[in-house]
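Tertiary structure, described
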Amino acid sequence: MKPRTICLIGLSFFVSSYIMFSQGSKFAYFQKPIDFAHWFNLIGAVLLLSFNDVFPKNKLNSVASFLTILGVIGHVGLCTIDFIMWSFGDDEISKTELSNQISNTPSILYPFVIIGPSLLFIGLAAHALNFIKTHTFSALMVIIGAPAVGISFFVLKNGSYMVLSCILFALGLFSLLYRNDDRTILTE
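Let me sum up the structure you'll find in this document. Since we're looking at a predicted model, the values are computed, not measured. (Residues numbered from 1 in each chain as written. Predicted model: local features only at pLDDT ≥ 70, side-chain atom pairs only at ≥ 80, totals over all residues. Heavy atoms only, no water.)

Turning next to the packing of helix H5 (residues 59-87) against helix H8 (residues 118-129). Where H5 meets H8, the axes come as close as 6 Å, and the angle between the chain directions of the two elements is 160 degrees. By the criterion of interaxial angle, the relationship of H5 to H8 is roughly antiparallel. Judged by the sense of rotation from one axis to the other, the crossing of H5 with H8 is left-handed. Contacts between H5 and H8 pair Leu60, Asn61, Ala64, Ser65, Leu67, Thr68, Leu70, Gly71, Val72 and His75 from the former with Leu119, Leu120, Phe121, Ile122, Gly123, Leu124, Ala126, His127 and Leu129 from the latter. Looking at the contact of H5 with H8 residue by residue, the classes come out as 12 nonpolar, seven polar and no charged. (Axes fitted to C-alpha atoms, helices over the stretch in contact; angles between N-to-C directions. Helix = DSSP H or I, 4+ residues; strand = E, 2+ residues; numbered from the N terminus. Parallel < 35°, antiparallel > 145°, perpendicular 65-115°, else oblique. Left-handed = near helix turned anticlockwise from the far one by under 90°. Contact = heavy atoms within 4.5 Å. Nonpolar A, V, L, I, M, F, W, Y, C, P; charged D, E, K, R; others polar.)

Have a look at this one:
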């Protein structure tokens, strides 16, 4: 499969997961027979690794690729935690105990809940910096959309803003993926 196609599939899964997340925790945790929101998020995040291959190779790309890889690892860990949380169903006591255990374990809390997953957004926004002079609007969509997803979720606690931020982020990446210029380095 071509890298651009993999990127598009990844963006589709990723945005779909955020649409599901915006419906609230009850929707995410009580999906049957599986937790579709977190599976979509996990698959989408892993497929977004393909952006490391389609953007120009330079020093910034190397740093952005490393951050993107760490972010995907963080998403894998976070989704694993959320799968376990989902498996408790309506057992709120067990969910609270697990949440407390994770909160009291910095070696899990920071890389897989607080910092790790954010690195995916930071890595892809760093990739977008490569295009700030040539494709300013598209690059800014990614650079602004990335922190807006986190702010809307953690600070504002607003699912609608989170989805809009994720769509802005994804549309920016999409437009950079299909940009037209002589320096485009896409492997197809």
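There's plenty left to go through after this.
The next subject is H5. Here H5 is 29 residues long and its end C-alpha atoms lie 42 Å apart, about the 42 Å a rise of 1.5 Å per residue gives. Within two residues after H5, Gly89 carries a phi angle of roughly 60 degrees, on the positive side. (Expected span 1.5 Å × (residues − 1).)

So, about the packing of aromatic side chains. If you walk through the whole model with that rule in mind, you get 11 aromatic pairs. Both rings, one in Trp39 and one in Phe83, keep their centres 5.0 Å apart while their planes meet at 35 degrees; by these two values the pair is tilted. Here Phe83 lies in helix H5 and Trp39 lies in helix H3 (residues 36-47), a separation of 44 residues in the sequence. Since its relative accessible area comes to 18%, Phe83 is described here as buried. Ring centres 4.8 Å apart and planes at 85 degrees place the aromatic pair Phe153 and Phe154 in the edge-to-face group. By the ring-pair criterion, three or more aromatic residues cluster together here, those being Phe14, Tyr18, Phe21, Phe121 and Phe169. (Phe/Tyr/Trp six-rings, centres within 6.5 Å; stacked < 30°, edge-to-face > 60°. Buried < 20%, exposed > 50% of the residue type's maximum accessible area, 1.4 Å probe, protein only.)

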